[in-house]
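Secondary and tertiary structure notes
Single-letter residue listing:
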Amino acid sequence: MSTVIETKGLVKRYGRIAAVDGVDLTVEKGEVFGLLGPNGSGKTTTILLLLGLTEPTAGTVRVLGLDPLRNPLAVKRRVGYMPDQIGFYDNLTGRENLLYTARLLGLSGAEASKRIDEALERVRLVEAGERRVSTYSRGMRQRLGLAEVLIKQAEIAILDEPTSGLDPQSTQELLDLILALSREGMTIVLSSHLLAMVQSVCDRVALFSRGRIGLSGRVEDLTSDVLGGTHVVEVEAQDVDLAQALADAPHITGVTQQRPGLWRVDADEDARPEIARRVVMAGGRLTAMSIRHTTLDEVYVRFFEEDRHHAAAA
Amino acid sequence: MRQQREGSPFTGLATVALKEAADHMTSARIHLVMLLVLLTAVGAVYAAIGQITETVSQDQFLFLRLFTTAREPLPSFVAFLGFLLPLVAIALGFDSINGEYNRRTMSRILSQPIYRDALLTGKFLGGLLVIAICLLVLWLLVTGLGILLVGLPPSGEEVLRGLAFLLASFVYAGVWLAVALVFSTLFRSPATSALATLTVWLLFTIFWPMLAPLIAGALVPVDPLNPMTAVDLVEVERAISRISPNTLFGEMTLALLNPETRSLGIVFSNQLSRALIGAPLPVSQSLMLIWPQLAAMIAALLVLFTAAYVSFQRQEIRA
Ligand SMILES: Nc1ncnc2c1ncn2[C@@H]1O[C@H](COP(=O)(O)OP(=O)(O)O)[C@@H](O)[C@H]1O
Ligand SMILES: [Mg+2]
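Keep in mind that what you see is a predicted model, and the values were worked out from it rather than measured.

Some details on the environment of Glu6(A)
All names here are of chain A. One can find Glu6 in strand 1 (residues 3-14). Taking the relative accessible area as the measure of exposure, Glu6 reaches 30% and is therefore partly exposed. Considering only alpha carbons, one finds Glu6 and Gly52, 46 residues apart in sequence, at a separation of 13 Å. Those residues in contact with Glu6 that lie beyond four places of it in its chain are Leu25, Thr26, Thr60, Val61 and Arg62.

Printed below as a string of structure tokens:
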């Protein structure tokens, strides 16, 4: 593994407010890295700094070992970028838009049309490619944006909010495409304010809050570190005190009663058989049980709530 | 700040310029403006031909009269051009930079391996290319109409003067394109930048001729006992009115298309004593006469472009 993106003490101020306030980030080759956090937490600004589209107030950026301000062309030649709310020339067709990009990349005519054909095929826009972009849906525009990254044959793809505004089906489609690209060795950095939606595709994430990275690491590590478990089991049962029944059970990290007869159990693996056994042993009646992975939203809320409490107490 | 940069700032320049020109050539807005220009041009020249065939019998520069002859109620072709060329340039340029932000294509384009220089310069060159094509077509049209309807082919000297006039019109339109470009980098809304550019255009086209005497009068009080102060007043007024590109363009067309023009300043009768009034100047002399005007317009164009460049280089690309 080698590091392809590295920032140290990155700061970007607008007047008195710091949009990015001391971000240290490393992204390894081949991984899918998520910049996650609510709107206004500094994700887009961080991305602009990575691309050299805005200058940092302080700190350093290295992308593929290069400084994006000193060697902008070398960096931009190897890094693909899909901006938030991507725009195209509406009066041109999808293919013509890509052709313009290909010319800016300095590709020859033959090479350009070969890459464009492949890319359109890949994002399933072969027919739509001949239509004006003004007729495209939001999801098609996003896919056209990915096609542009493909034409560049970029080593790193930086995608800002790639799924925002998409319906669940288009979202899944786009995430699948992103995963496929990752499997082929492309390094992917994506940002999103919908943490749970993208957590399944990210190898590692950084959680942003007010310009800083509060937490970063693998999703499983974060959930177990912050919440103590990677799974959440919801248990509906009668005639039993679940907290007592599960008191010394293995893999259980927390039991909270949400209302009479309904509990939330945090566990670091699938503990359903053990829970069922103990409910029955304690003489209770088990009526329903469901399991899901802990979401990053829960991690985020828990972590930054505590953070805020500490800040308030201090 | 960028200390050293690798790569050429011209990478992608031609691509951007050609795309820009192609966009203009296919845009309905430009089609409308061009149609307007074409109709007025043909109308003016047609009227001029009527006037010429009625009145003029012997004229050494019959062909040049096509451009300058006015027939009531229509103004002459050059007067039309002086009025409409800025509008063409403004239509081409008022949304060149902020339009990219509004379509949200700016960051996508600038994440390709080109410098901002290439985008800005390419857009400017694309606009200039369209202006050049438009002017050339107009010029050929007028020449063709003249040959067809008057039956007189232009002399070599007239062609030279016509081409110099073409160049002067090109630079004049370029200045207005640069004005539009500056406003399109300063304002994010195309409506605002269009209004701002049109305001400047109105100022120089309508109000400047009225303002120049007022300002000059305030600056130079005329002493009735000293006739030189009256001369000063005229000189100052002329200097002020020359701030307007329209004045400069007017003077250039005057010198180029009326070969009898010997000076663009005030002339004292003693200076004319040995000159043959009405005798035409050779082309080279007329070119010498307009050289300061042309140089001033090119300088203005470069200053404006630099202003746009500086403002664009410092912008954050968040769209
Ligand atoms: N040009 C600007 N001037 C002033 N503040 C800005 C500017 N751009 C962004 N900000 C502020 O910076 C913060 C971070 O914004 P951004 O990076 O876009 O967040 P995110 O992408 O996570 O939603 C926000 O509070 C935003 O208001
Ligand atoms: Mg954002």
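After presenting the structure, the write-up continues.
A short note on the site of ligand 1
Near ligand 1 you find 13 residues, and of these Gly40(A), Lys43(A), Thr44(A), Thr45(A) and Arg318(B) are the closest. Mapping the residues adjacent to ligand 1 onto the chains of the assembly identifies chains A and B. In this structure, Thr44(A) approaches ligand 1 through a side-chain N or O atom, which is 2.6 Å from an oxygen atom. Note that an oxygen atom of ligand 1 is positioned 2.5 Å from one of the side-chain N or O atoms of Thr45(A). Considering ligand 1 on its own, with 570 Å² of exposed area, one finds that the protein chains cover 65% of that surface. Within the residue set of the shell around ligand 1, elements represented by two or more residues are strand 2 (17-28) and helix 1 (43-51) of chain A. Looking at the shell around ligand 1, its residues break down into four nonpolar, six polar and three charged.

Here's the deal with the interface of chain A and chain B
Across the boundary between the two partners, chain A contributes 35 residues, which contact 31 residues of chain B. Summed over the three residues of chain A that lose the most area to chain B, namely Leu73(A), Tyr89(A) and Leu104(A), the buried surface amounts to 24% of that side. Linking chain A to chain B there are one salt bridge. Notably, a salt bridge pairs Arg108(B) with Glu148(A), separated by 2.4 Å at the nearest N-O pair. At the junction of chain A and chain B, the tally comes to 14 residue pairs in polar contact (both at pLDDT 80 or more). Grouping the constituent residues of the side of chain A that touches chain B by class yields 17 nonpolar, nine polar and nine charged.

Remarks on the UniProt feature "domain: ABC transporter" (unreviewed entry) in chain A
Here the UniProt-annotated "domain: ABC transporter" (unreviewed entry) positions come out as residues 5-235 of chain A. A helix fraction of 37% and a strand fraction of 29% characterise residues 5-235 of chain A, whose end C-alpha atoms lie 44 Å from each other.

Topic: the layout of surface pockets
The probe, sized like a water molecule, is rolled over the atoms to show the empty space still left. By volume, the largest pocket amounts to about 440 Å³. The wall of the largest pocket is formed by 19 residues, among which Asn91(A), Asp23(B), His24(B), Ser27(B) and Arg103(B) lie closest to the centre. Taken together, the residues of the lining of the largest pocket break down into five nonpolar, six polar and eight charged.

Points about the pattern of salt bridges
In the structure shown here, the tally under the stated rule is 33 salt bridges over all chains. Lys123(B) is the partner of Glu100(B) in a salt bridge, and the nearest nitrogen-oxygen pair spans 2.9 Å. Here the residue Glu100(B) occupies a position in helix 5 (residues 98-102), and Lys123(B) occupies one in helix 7 (residues 116-150), the gap between them amounting to 23 residues. For the residue pair Glu100(B) and Lys123(B), the accessibility class agrees, reading buried in each case. A salt bridge links Arg242(B) to Glu251(B); the nearest nitrogen and oxygen atoms lie 3.0 Å apart. The structure contains a network of salt bridges with shared partners spanning Asp248(A), Glu274(A), Arg277(A) and Arg278(A).

Side note on the sheet that holds strand 10 (residues 231-238) of chain A
All names here are of chain A. Spatially, 11-12-10-13 is the arrangement adopted by the four strands of the open sheet, whose pairing is antiparallel. The open sheet is flanked by strand 11 (252-259) and strand 13 (285-293), the only strands paired with a single partner. Here the average twist between neighbouring strands, direction ignored, is 20°. Where strand 10 meets strand 13, eight bridges bridge the pair, whose relative direction is antiparallel. Following the sheet pairing, Val232 is matched in strand 13 by Arg292. Of the strands in this sheet, strand 10, strand 11, strand 12 (262-267) and strand 13 are in contact with helix 10 (residues 272-281), which crosses strand 13 at around 160°.

Observations regarding a nonpolar patch on the surface
Nonpolar side chains collect at one region of the surface, where Leu202(B), Leu203(B), Ile206(B), Phe207(B), Met210(B), Leu211(B), Leu214(B), Ile215(B) and Leu219(B) lie side by side and expose about 770 Å² of accessible area between them. Within the secondary structure layout, Leu219(B) lies in helix 9 (residues 190-219).

Section: helix 9 of chain B
All names here are of chain B. A rise of 1.5 Å per residue sets the reference length of helix 9, with its 30 residues, at 44 Å; its end C-alpha atoms lie only 37 Å apart and thus fall more than 12% short of the reference. Along helix 9, the sharpest change in direction is near 65° and occurs at Phe207; proline Pro209 comes one to four residues later. Listed as buried for helix 9 are Ser193, Ala194, Ala196, Thr197, Trp201, Phe204, Thr205, Trp208, Ala212 and Ala216. Where helix 9 is buried, its residues contact helix 4 (77-93), helix 5, helix 8 (156-186), helix 10 (227-241) and helix 11 (245-257).

What about unusual backbone geometry?
Residues and elements named next belong to chain A. Residues other than glycine seldom take positive phi values, yet Gln85 does so here, at roughly 50°. Relative to the helices and strands, Gln85 resides in the loop between strand 5 (79-82) and helix 3 (94-104). Given the relative accessible area of 41%, Gln85 is considered partly exposed. Not every positive phi belongs to a glycine, and Arg210 is a case in point at roughly 45°. A relative accessible area of 58% places Arg210 in the exposed class.

Quick word on the confidence of the model for chain A
Per-residue confidence for chain A gives a mean pLDDT of 91; residues scoring 70 or more make up 97%. Summarising per-element confidence for chain A, the mean pLDDT is lowest in helix 11 (residues 296-313) of chain A (74) and highest in strand 6 (residues 156-160) of chain A (97).

Looking at the confidence of the model for chain B
Residues at a pLDDT of 70 or more form 92% of chain B, whose mean pLDDT is 87. Complex prediction metrics read pTM 0.88 and ipTM 0.86.

Let's talk about the sheet that holds strand 3 (residues 32-36) of chain A
All names here are of chain A. Read from one edge to the other, the open sheet built from six strands follows the order 5-6-7-3-8-9, with strand pairing classed as mixed. Both outer strands of the open sheet, strand 5 and strand 9 (212-218), are each paired with one neighbouring strand and no more. On average, adjacent strands in this sheet sit at an angle of 15° to one another, irrespective of strand direction. By the bridge criterion, five bridges tie strand 3 to strand 7 (residues 187-192) in an arrangement that is parallel. By the bridge assignment for strand 7, Leu36 is matched with Ser192. Strand contacts of helix 1: strand 3, strand 5, strand 6, strand 7 and strand 8 (204-209), with the helix running at about 150° to strand 6, the strand carrying the most contacts. Across the sheet, helix 8 (residues 219-227) lies against strand 8 and strand 9, angled at about 110° from strand 9, the strand it touches most.

Rules used in this analysis
- Here the residue numbering is sequential within each chain, running from 1 through the sequence in written order.
- By the order in which they are written, chains take letters starting at A while ligands take numbers starting at 1.
- With the structure being a predicted model, the display of local features is reserved for residues of pLDDT at least 70 and the display and counting of side-chain atom pairs for 80 or more, all residues being used for whole-chain, interface and lining totals.
- Hydrogens and water are ignored here; the side-chain numbers use all heavy atoms of the structure.
- Under the DSSP-based scheme used, a helix requires at least four consecutive residues in state H or I and a strand at least two consecutive residues in state E, with every element numbered from the N terminus.
- The classification of residues rests on relative accessible area computed with a 1.4 Å probe and restricted to protein chains. Under 20% of the type maximum is buried, over 50% is exposed, and intermediate values are partly exposed.
- The criterion used for residue contact is that any of the two residues' heavy atoms lie within 4.5 Å.
- By convention in this text, a residue qualifies as near a molecule or strand provided that one of its non-hydrogen atoms is within 4 Å of it.
- Contacts described as polar in this section are N or O atom pairs within 3.5 Å, which, within protein, must combine one atom able to donate a hydrogen with one able to accept it, while residues neighboring in sequence count only if both atoms come from side chains.
- Note on areas: Shrake-Rupley with a 1.4 Å probe; residue coverage comes only from the protein chains shown.
- As a working rule, the residues Ala, Val, Leu, Ile, Met, Phe, Trp, Tyr, Cys and Pro are called nonpolar, Asp, Glu, Lys and Arg charged, and the rest polar, with Gly in that last group.
- Accessible area, probed at 1.4 Å, shrinks when two parts are joined; the buried area is that loss added up over both.
- The term salt bridge refers to a side-chain nitrogen of Lys or Arg lying within 4 Å of a carboxyl oxygen of Asp or Glu.
- UniProt positions are given in the numbering used here, feature names are shortened, and annotations may be inferred rather than shown by experiment.
- Only protein atoms enter the 1 Å grid used here, on which a cavity is any set of points holding a 1.4 Å probe that cannot leave and a pocket is any open set flanked by protein within 12 Å on both sides along at least five of seven lines; residues with an atom within 4 Å of a point are listed as lining.
- Grid points are joined across faces, edges and corners, and a volume is the space filled by probe spheres set on the points.
- For two strands to be treated as a pair, DSSP must find no fewer than two bridges joining them.
- To obtain an axis, a line is fitted to C-alpha atoms, over the contacting stretch when the element is a helix, and the angle between two such axes runs from 0 to 180 degrees between their N-to-C directions.
- Patches draw on residues past 30% relative accessible area with no salt bridge. Two like charges within 9 Å are joined, as are two nonpolar side chains (Val, Leu, Ile, Met, Phe, Trp, Tyr) within 5 Å.
- Given a helix with a known number of residues, its expected span is that number minus one, times 1.5 Å.
- Two axes enter the bend calculation: one fitted to the seven residues ending at the residue in question, the other to the seven starting there, and the bend is the angle between them.
- Per residue, pLDDT measures the predictor's confidence, with a range of 0 to 100.

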